[in-house]
Amino acid sequence: MPPSVPLSLFEAWQEAPADDELRLVPIGGLGEFGMNALAVHTAKSLFLVDCGQLFPSDDEPGIDSIVPDFAYLEPFADRIDAVLLTHGHEDHLGALPYFLERWPVPVYGTAFTLGLLEGKLREFGLDRSLLRRVEDFQRLPVGCGEIEAEWIPITHSIPDACALALHTPWGVILHSGDFKLDATPTDGRLTGVARLKALGDEGVALLMSDSTNVMRSGWSPSEEACREGLREAFRRTSGKLFVALFSSHIHRLQTLLDLAFEENRVVVPLGRSLERNIAVARELKRLRLPDDLFIQPNEAPLFAPNRILTLCTGSQGEAMSATARLLRREVKGLAIERGDRLVLSSRAIPGHEVAISKMLDEAARQGAETDTETLGTVHVSGHGQREEAAELIRWTRPRWMMPVHGTYRHLQAHGRIAEELGWSSDRVLLVEGGTCIRFRHGHEPEIPGSVPVGKYFVDQGVEHRVDARVVRDRLILQEDGIVIVTLVIDGATGELASDPAILTRGFVVLSDDEAYSDLLRNAARKAFEEAPPEVRQDKDLLIELLRQTLRRIIRKTTETRPMVVPMLLEA
Ligand SMILES: [Zn+2]
Ligand SMILES: [Zn+2]
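Every chain begins its residue count from 1, and numbering advances along the sequence as written. Chain letters and ligand numbers both follow the written order, the letters beginning at A and the numbers at 1. Two thresholds apply to this predicted model, a pLDDT of at least 70 for residue-level local features and 80 or more for giving and counting side-chain atom pairs, whereas whole-chain, interface and lining totals are computed over all residues. The side-chain values count all of the structure's non-hydrogen atoms but skip hydrogen atoms and water molecules.

Trainee: Sorry, what's going on with the coordination of the zinc ion (ligand 2) here?
Mentor: Each pair of donors in an ideal four-coordinate tetrahedral metal site encloses 109.5 degrees, whereas pairs in an ideal six-coordinate octahedral site enclose 90 or 180 degrees. In the first shell of the zinc ion (ligand 2), the protein supplies His 87 (NE2), His 89 (ND1), His 156 (NE2) and Asp 178 (OD), at 2.1 to 2.3 Å from the metal. Of note is the zinc ion (ligand 2), whose four donor atoms meet at the metal with angles of 91 to 164 degrees in an arrangement that counts as irregular. For Na, K and Ca the donor cutoff is 3.2 Å, while for all other metals N, O and S atoms count as donors only within 2.8 Å; water does not appear among the atoms, so some sites may look incomplete. Taken in sequence order, the residues that donate to the zinc ion (ligand 2) follow the motif H-x1-H-x66-H-x21-D. Between the two metal centres, the zinc ion (ligand 2) and the zinc ion (ligand 1), the spacing is 3.5 Å, with Asp 178 acting as a shared donor. With His 89 in the loop between strand 5 (82-84) and helix 1 (90-93) and His 156 in the loop between strand 9 (147-153) and strand 10 (162-168), this residue pair connects regions lying 67 residues apart in the sequence. Any residue under 20% of the maximum accessible area for its type is buried, any over 50% is exposed, and the rest in between are partly exposed; the area is computed with a 1.4 Å probe on protein chains only. In this structure His 89 comes out as buried when scored by relative accessible area, which is 14%. Any site counts as irregular unless it has four donors with all angles between 85 and 135 degrees, making it tetrahedral, or four or six donors with opposite ones more than 155 degrees apart and the rest between 65 and 115, making it square planar or octahedral. Under the DSSP-based scheme used, a helix requires at least four consecutive residues in state H or I and a strand at least two consecutive residues in state E, with every element numbered from the N terminus.

What follows is the structure, given as structure tokens:
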């Protein structure tokens, strides 16, 4: 496992693979959490494993989601066979609406995965007849049938998650999907251990495995470990109990619904995605509950506060979520009061810590108890730790091993686990997004170089995609504001027709600070008057000159770097 060096471009990436070549191209999900998408490409087949999005963080203002740039697929656009899904989390299927809009190909996945996807496609007005449902342990041909895919159940924090075995002429490629090894899953659906071991006996060429929690030692606690901590929350709350969680976490929902039933509380589900996912889970019988457990928010005043459990979206402090609406007192019948409790049964996604802290603060201000430390465990991760990663390697004994689903440090730590188990370093493929891995019969895997990959920012308010530069501009505006300088030029003489005008927004000095505006006005006038004739005659050069001049003086006087926009008008 040599240290990763920047790769040069794989020059032949736009040419289809040769007959004896299998290409694997991780388009995303390596070196980052999110945007999981792997292209599997041969002369006869081309398909994706997963097609996820990345959640924007606080430093990507106004962005709703980030999806992969599928530039690698463009030259082969008419050849794409399918998308195979491991499970229904957004980082594995969130980019599908954008992908399917461009390439409407069949999508394979288990029942709950497709159940979630169906709602998304309906929302985007996309064709749902593309969905192909598979059962646990089912094996079927993809595209022309050169490669067969097999879905093997594996435990994770969403129903119907699978590992994916690809039976190829180059050997079995096993993708773990996201997983933990939970011996007591809430829904009783166990990992297909026997099948994974059998694949190991038959021979696995490559194992690609989840690296999320490999830096934590030991085993991850079972999902069942939350039950007692959450029960404590019920028992210690004299008023209404609010629990915020990920809306696709059906196992956690099941635990909470069981507890609500046992502890004699009715349940108010709040939030569009939560209600939708509950409906999907109930329809597919992935959630068991008595019919009269749920009530509407407006029925809440009919019950004593200590008889109410509210389940809500917004565990990351999202402004449009149910929890945020509760805190803004927009939900009729469910005001937060003294004696109530808000429990976050989730982890903080990096980048959301500030929003979460603000949300908890506001809940406390309104009288709710927010401490979870004393309750015990109220959340466990859906990703296995070090020993679970090791166990999968031992079961499947792959010829080569490739860590996926993590930042570079996670992938590296995962590679070390394999090395400690006896895998020599040249059998561990430590690669990042865009790296092309080539398998040829009778050869060791090769890395011919990288292919173009990247991110598209999606702002749902406008068109689908926005340029990365827009995001950078928003950051500058958010940080230091904008300064607009307008020069009116006399068309006949080529001289200034009036004094330059200065307008600022969000900038540390207000426009009506006359002294400072004068400073900028004078600088702009001087730059214009002293500009050589060839600059004055070229609008672009003149704008650039003004921008540089004002930036310099603003930086010197205020130590800020606002966006500087010079405008030229002809009078
Ligand atoms: Zn994931
Ligand atoms: Zn997942």
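Trainee: Would you mind showing me how to read the sheet that holds strand 12 (residues 204-210) here?
Mentor: Taking strand neighbours across the sheet as the criterion, the six strands line up as 8-9-10-11-12-17 in an open arrangement whose pairing is mixed. The strands lining the two open edges of the sheet, one partner per strand, are strand 8 (139-142) and strand 17 (400-404). For this sheet, the mean inter-axis angle between neighbouring strands, taken without regard to orientation, is 20 degrees. In terms of strand pairing, strand 8 meets strand 9 through four bridges, oriented antiparallel. From the neighbouring strand, Leu 140 faces strand 9, where its bridge partner is Ala 149. At least two DSSP bridges between two strands are required for those strands to pair. Comment: axis = line fitted to C-alpha atoms, over the contacting stretch for helices; angle = value between 0 and 180 degrees taken between N-to-C directions.

Trainee: When you look at the pattern of salt bridges in this model, what are you seeing that I'm missing?
Mentor: Opposite charge on two side chains permits them to pair, given that their charged atoms come into close proximity. Salt bridge criterion: a side-chain nitrogen from Lys or Arg within 4 Å of a carboxyl oxygen from Asp or Glu. Inspection of every chain in the model, using the stated rule, returns 40 salt bridges. Among the salt bridges present, the one from Arg 276 reaches Glu 123, with a minimum N-O distance of 2.8 Å. With Arg 276 in helix 7 (residues 272-283) and Glu 123 in helix 3 (residues 111-123), the pair connects residues that are 153 residues apart, well separated along the chain. Overall, Arg 276 belongs to the partly exposed group, its relative accessible area being 32%. Across the salt bridge formed by Arg 394 and Glu 387, the nearest N and O atoms sit 3.9 Å from each other. Its relative accessible area of 36% is what places Arg 394 among the partly exposed residues. Judged by its relative accessible area of 27%, Glu 387 is partly exposed. The network of salt bridges with shared partners includes Glu 21, Arg 23, Arg 438, Arg 440 and Glu 446.

Trainee: Hey, could you run me through the coordination of the zinc ion (ligand 1) in this one?
Mentor: Protein-derived ligands of the zinc ion (ligand 1) are Asp 91 (OD), His 92 (NE2), Asp 178 (OD) and His 405 (NE2), with the metal-ligand distances lying across 2.1 to 2.2 Å. The coordination sphere of the zinc ion (ligand 1) comprises four donor atoms, whose angles at the metal cover 87 to 160 degrees; the geometry is irregular. The sequence motif formed by the donor residues of the zinc ion (ligand 1) is D-H-x85-D-x226-H. Overall, Asp 91 belongs to the buried group, its relative accessible area being 15%. With a relative accessible area of 6%, His 405 lands in the buried category.

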